[in-house]
Amino acid sequence: MIESGELRKFYLFDKLSDSDISEILPCLENRSCRRGECIIRAGDINECLYLIKSGQVSISRAEEDSQDKILSVLTAGECFGEMSIITNEKISANVVSMLDTQLLVLRKTRFLKLLEKYPSIALNLSLILSKRLRHSNKGPETSPAIALSSILTRDLPLAGELAAYAFAVGETFSSGCRKPVLLLFSPEEDSILKLPCKYLKTMKLSAQQASKSVKTSIYSDSLHIGFLAPSADINDTLTTLLKEYSHVINIEILPAGKHSALLENSSRVILFTDGRNMALYAGDDEKYAGALTIAGKGGALDIRRNARKFTTKPILSYDTGGSSARAAEIIRAARFLKNKTVGLVFGGGGARGFAHIGVMKVLEENAIEPDVYCGSSMGAVVAALYAMGYKSPEVYDIMKKQWTKKGAIYDFNFPFRSILKSKKLKKMAKEAYGNTTFKDLPYKLYVVCADLVSGNEIIIEHGLLRRAVYASGALPGILTPVRMGEKYLVDGGILNKVPASVLKARDISNIIAVNVTPQRDDAFLNRKSKKPGG
């Protein structure tokens, strides 16, 4: 049953009397939407006005590259679908629930009658549309607005370190935010204080507010701390918090296989583990596909080699030990949660691929550290070395050693399936990459290949690294293809020379793409036409 108090939360109806509200209530229908559910699609004929009771939705429009561009984000107390009703035109954008969302639905015919009967609704609707128009003139969002993310561990002995790590990420994340960021610990305070994290008790926090759902305190102007009550209504709690905070980072300790409502509503998830009990996280990579990074061995953030020391200071801290590498990992985690990850794409180009090292050297000098790498052909050769954690001087030495020796790759093949047997190249790959797998990499890597059988682009992100890199550079007819199941993989540059589209499809918001192969080599043409003695 819908109560009159719920309807009064909507600006659209705030000027109506109690009797008017009572008349409208029977016309409303309840609808529940799970996170990620498309409520209405562009091109649909709309027959309803939707009122957001709790949760959050995004308004987006497909671009030419088929990627959705978020135009705005609506929260509790706002409405959508009104324009198509008034203009009698088809829906112009997709509306998708970003969190589990509760809606009140008003049918078109009833809404139009209410507009005629109550001029105040029409006036308020006009003001709402004017506000949205001003917002749209500022330009669309540059990246999806992510309001809730989670940091999770399933290793109870790591719970204390999880708290320290969360504070470090939270402080970095909140820097530059217009509104405070909330670190939300689940479950409530009494349980959190039992964690092996003795200094959390003595933190000097200023009380801000107390409610049945969340007790919050001020850690700094930009970072607040909250403790969630076990009985809290998640939808209502999130609706309230997301109005007060620019972002909520949920911190949880859960046993293997258990998933909370906050975790399932998170747009970004970091798993905090030392890499020794990965069986606890079985299935998490599938459940949170595309929104997951692992803080441990084989993931994007290596915690095992970054042991922390707890000091006697009253405020808990993540000790980077003065290490720029450790500090960089915290920055990378904050970028991941903000959906501000940096991706670096290296294109193919044979010997010109050495130029990628120069590009990376400049990025390193300017403290720009990519979070994700992608490459095809020679670009994959270089990208794989950086994904292993090597810096530019080391990459240069490895490339020089492997590729500048006379006859380094020549081992002719007669009778042949390809001109070269490829044994020398495979030996070079083993020397450079050893038995490293994608799971061992400290940075995420995508290697692009082409399948000779289907003609499709194949993206490799699992298995033995050297095999994937060789496949990405196997020029058809020159080098032997790599068989993977029913696929015969060859040079990825044939289909996607500079595979920036691979990272764009994976929601990487900042992509640096390096093309070392010009469409037309004027130097060669000029040399060919140059007259003797000229």
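Structure shown above.
Residues numbered from 1 in each chain as written. Predicted model: local features only at pLDDT ≥ 70, side-chain atom pairs only at ≥ 80, totals over all residues. Heavy atoms only, no water.

A. Region of the structure containing the overall build of the protein chain. Check the secondary structure of the protein chain and you find 18 helices and 23 strands. Burial status across the protein chain gives 48% buried among its 534 residues. Intrachain contacts of the protein chain at a sequence separation of at least 6 include 70% that bridge at least 24 residues. As displayed, the protein chain offers around 26400 Å² of accessible surface, 53% of which is attributable to carbon and sulfur atoms. (Helix = DSSP H or I, 4+ residues; strand = E, 2+ residues; numbered from the N terminus. Buried < 20%, exposed > 50% of the residue type's maximum accessible area, 1.4 Å probe, protein only. Contact = heavy atoms within 4.5 Å. Areas by Shrake-Rupley, 256 points an atom, 1.4 Å probe, with all protein chains shown as cover.)

B. Highlighting the sheet that holds strand E6 (residues 79-80). Taken together, four strands build an open sheet; the order of strands is E1-E8-E3-E6 and the sheet is antiparallel. The open sheet has two edge strands, strand E1 (28-33) and E6, and neither has a second partner. Sheet topology note: the E1/strand E8 (residues 101-107) ladder contains six bridges and is antiparallel. Counted as the bridge partner of Asn30 is Leu104 from E8. (Pairing = 2+ DSSP bridges.)

C. Geometry of the packing of helix H12 (residues 355-365) against helix H13 (residues 378-387). With their axes 10 Å apart at the nearest point, H12 and H13 run at an angle of 35° to one another. In this structure, H12 crosses over H13, and the sense of that crossing is right-handed. For the pair H12 and H13, contact is made by His356, Ile357, Met360 and Glu364 and by Gly379, Val382 and Tyr386, respectively. Residues of the contact of H12 with H13, tallied by class, amount to four nonpolar, two polar and one charged. (Axes fitted to C-alpha atoms, helices over the stretch in contact; angles between N-to-C directions. Left-handed = near helix turned anticlockwise from the far one by under 90°. Nonpolar A, V, L, I, M, F, W, Y, C, P; charged D, E, K, R; others polar.)

D. Broad picture of the packing of aromatic side chains. Following the criterion strictly, the structure yields seven aromatic pairs and no others. When the ring of Tyr165 is compared with that of Phe272, the centres are 4.9 Å apart and the planes differ by 45°; the resulting orientation is tilted. Taken together, the residues span a long stretch of sequence, with Tyr165 in helix H6 (residues 159-174) and Phe272 in strand E15 (residues 268-272) at a distance of 107 residues. Assigned by exposure class, Tyr165 and Phe272 land together as buried. Both rings, one in Tyr373 and one in Tyr386, keep their centres 6.2 Å apart while their planes meet at 10°; by these two values the pair is stacked. Of this pair, Tyr373 sits in strand E18 (residues 372-376) while Tyr386 is found in helix H13, placing the two residues 13 residues apart along the sequence. Neither residue differs from the other here; Tyr373 and Tyr386 are each classed as buried. Over the aromatic face of Phe173 sits the side chain of Lys338, whose NZ or CZ is 5.1 Å from the ring centroid. Across from the ring centre of Tyr446, 4.7 Å away, lies the NZ or CZ of Arg506, which sits over that ring. (Phe/Tyr/Trp six-rings, centres within 6.5 Å; stacked < 30°, edge-to-face > 60°. Lys NZ or Arg CZ within 6 Å of the ring centre and 35° of its normal.)

E. Seen up close, unusual backbone geometry. The residue Asn88 is not glycine, and still its phi comes out positive at about 60°. According to the relative accessible area criterion, Asn88 is exposed, its value standing at 57%. A positive phi is found at Ser377, a non-glycine position, where the angle reads about 55°. With respect to the element layout, Ser377 can be found in the loop between E18 and H13.

F. Local environment of the packing of H13 against helix H16 (residues 465-472). Where H13 contacts H16, the axes come no closer than 7 Å and their chain directions differ by 155°. One element, H13, and the other, H16, form an angle in the roughly antiparallel class. Taken as a pair, H13 and H16 cross one another with a handedness that is right-handed. Across the interface between the two elements, Ala380, Val381 and Ala384 from H13 touch Leu465, Val469 and Ser472 from H16. (Parallel < 35°, antiparallel > 145°, perpendicular 65-115°, else oblique.)

G. A look at the environment of Asp451. One can find Asp451 in strand E19 (residues 444-451). Looking at Asp451, the relative accessible area reads 5%, which means it is buried. Remark: the alpha-carbon pair of Asp451 and Val482, spanning 31 residues in sequence, is separated by 9.4 Å. Not counting the four nearest positions on each side in its chain, Asp451 is found in contact with Asn456, Ile458, Lys487, Tyr488 and Leu489.

H. Here's a closer look at the side chain of Ser266. Along the polypeptide, Ser266 turns up in the loop between helix H9 (261-264) and E15. Polar side-chain contacts of Ser266 include one of 2.6 Å to the side chain of Ser150. The contact partners of Ser266, leaving out residues within four places of it in the chain, are Arg35, Leu148, Ser149 and Ser150. (Polar contact = N/O pair within 3.5 Å; in protein donor to acceptor, adjacent residues only side chain to side chain.)

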